[in-house]
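# Coordinate inspection notes
One-letter residues, chain by chain:
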Amino acid sequence: MLYTYPHYYKKFQCIASACEDTCCAGWAITIDPKSLEKYRHAKGGMKARLKESVDWKQKCFKQREHRCAFLNDDNLCDLYTGMGPDSLCWTCKTYPRHIEVFDGVREVSLCLSCIEAARIILGTKEPVRFLSSENEKEESCEDEDFDFFLYTKLQETRDVIFEILENRGLSSELRMAMCLSLAHDLQRRVRDEKLYEVDGLLKRYHNCTARFCHRLASAGLESYSRFETASELYTVFEKMEPLDPAWPERRDGMDEILYGAGKEAYEANRRAFLTANGTRMELLREQIMVYFVFGYFCGAVYNDNPYGKMKLAVAAAILVEELLMAEWLKENLPGRPENRGKAVSVVPSGIRGKAVAAALQEEQIVDLVHCFSREVEHSDENRGLLEDELVKREEFCLKALLAAVIEWKRA
Ligand code: SF4
């Protein structure tokens, strides 16, 4: 079996009771069938505790005040203490590792939803490298239905996407736009069953910056705007079922702060936000894109929709930036906290008057990104909703997303 993982992967170590945001609270932990059987037949001291702490029907651990029934007051797991590490279910054993399964290959990454993993991922300033190692003892079971040719083309395309995303000689907006456009063009080849054309397509995306900028200039993006696309995306995000009970309170009012005062105020606020946080956003876009592309892009081998996977990455990068902007605006709104939740433009009477508005702190960024990932990545329904809307709705067509990605440069 071949294992592929990002170069920072082995830096992770769970900080357990020292973690300010234990992963054993705030969401239901699903139990895999094998562990469920083990718990059903448990003997000794834990038998009674398991009986009352497992929701046998829903196949998950019960919760008390939104905490796993086995999580004690010191934020340690009583199941682990009582029955040892082998007693943990698959979710608890593997989290925060995310494993994508392909024929003969396992792609392993860390999840941004774990705050300690998020610190590592977002603290990695250098371009991410991907390493591979072979585990000869582990045999892969061949799946006859696995489309190996498509998988190879997806991998080759992803390599080019990483090259583009990590080319820091170009602006992050342009890199995102190029990757979106490449995935769009790839989708056409997948749909028309012309995978033999993919090599030529990838060659065209090598060193094509000038040609691409020319295409972009004549693409007719003027009738689209970041304001419209981002606010639509945000509406989808708000429809998601909250996983963490504390999340709705934090999210409340963000849409009003971002979009309530209209397009002109939004654009002025965004310019102010980027003036204070532009350098960090430049790197953050790359980090989020690389993370989502590694985690999901090749999964298109199972649904034939690489463009949808790339849209998901772009949407995540846009939404994260919007949430961060809302947090920053909250801190910089004139008259805070009275104005919290009101539609305000910070520019006319607010931060323009200040010498320099403070940039977001790294811990704020890590915290908000990990909350976003928790809400979007750990619910099949929530991620499915976002993917579905991105694929089906005209508001998220190629031009709309391109305009959302590069608009502030045009403003
Ligand atoms: S969120 Fe991460 S660091 Fe915190 S307890 Fe869970 S795995 Fe450990």
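Not measured: the values here are computed from a predicted model.

### Notes on the domain arrangement of the protein chain
Here the domain parsing of the protein chain yields domain 1 (24-94) and domain 2 (152-410). Counting residues at the interface gives 4 residues for domain 1, matched by 5 residues for domain 2. Buried surface at the junction of domain 1 and domain 2, summed over both partners, amounts to about 400 Å²; 64% is from carbon and sulfur atoms. In terms of surface lost to domain 2, no three residues of domain 1 exceed G26, W27 and H66, which account for 91% of the buried area on that side. Taken together, domain 1 and domain 2 are joined by 0 salt bridges. Summed over the shared surface of domain 1 and domain 2, the number is 1 residue pair in polar contact (both at pLDDT 80 or more). The residue inventory of the side of domain 1 that touches domain 2, partitioned by class, reads 2 nonpolar, 2 polar and no charged.

### Topic: the packing of aromatic side chains
Counted according to the given criterion, the structure contains 22 aromatic pairs. Both rings, one in Y291 and one in F292, keep their centres 5.3 Å apart while their planes meet at 80°; by these two values the pair is edge-to-face. Grouped by ring-pair contacts, the aromatic residues F227, Y234, F237, W247, Y259, Y266 and F372 constitute a single cluster. The residue whose ring lies beneath R374 is W27, and the NZ or CZ to ring-centre distance is 4.1 Å.

### Here's the deal with the side chain of K309
Tracing the backbone through its elements, the reader meets K309 in helix 14 (residues 306-332). On the accessibility criterion, K309 (12% relative accessible area) is buried. Only 3.3 Å separates the side chain of K309 from the side chain of E387, close enough to count as a polar contact. When sequence neighbours within four positions are dropped, the list of residues in contact with K309 reads Y296, F297, G299, A300, N303 and E387.

### Focus: the side chain of S373
In this fold, S373 is placed in helix 16 (residues 362-377). Here S373 is in contact with L112, S113, Y291 and H378, once residues within four sequence places are set aside.

### Examining the sheet that holds strand 1 (residues 2-6)
The 4 strands lie next to each other as 6-7-1-8, forming an open sheet whose pairing is mixed. The open sheet has two free edges, formed respectively by strand 6 (97-102) and strand 8 (130-134), since each of these has just one partner strand. Across this sheet, the average inter-strand angle for adjacent strands is 20°, counted without regard to direction. Here strand 1 pairs with strand 8 via 5 bridges, running antiparallel. The partner of Y3 across the bridge, within strand 8, is S133. Taken strand by strand, helix 6 (residues 148-165) contacts strand 6, strand 7 (105-110) and strand 8, and its axis lies near 35° from that of strand 7.

Reading guide: rules and limits
- Residues numbered from 1 in each chain as written.
- Predicted model: local features only at pLDDT ≥ 70, side-chain atom pairs only at ≥ 80, totals over all residues.
- Heavy atoms only, no water.
- Domains from an automatic or database assignment.
- Contact = heavy atoms within 4.5 Å.
- Buried area = accessible area lost by both parts, 1.4 Å probe.
- Salt bridge = Lys/Arg side-chain N within 4 Å of Asp/Glu carboxyl O.
- Polar contact = N/O pair within 3.5 Å; in protein donor to acceptor, adjacent residues only side chain to side chain.
- Nonpolar A, V, L, I, M, F, W, Y, C, P; charged D, E, K, R; others polar.
- Phe/Tyr/Trp six-rings, centres within 6.5 Å; stacked < 30°, edge-to-face > 60°.
- Lys NZ or Arg CZ within 6 Å of the ring centre and 35° of its normal.
- Helix = DSSP H or I, 4+ residues; strand = E, 2+ residues; numbered from the N terminus.
- Buried < 20%, exposed > 50% of the residue type's maximum accessible area, 1.4 Å probe, protein only.
- Pairing = 2+ DSSP bridges.
- Axes fitted to C-alpha atoms, helices over the stretch in contact; angles between N-to-C directions.

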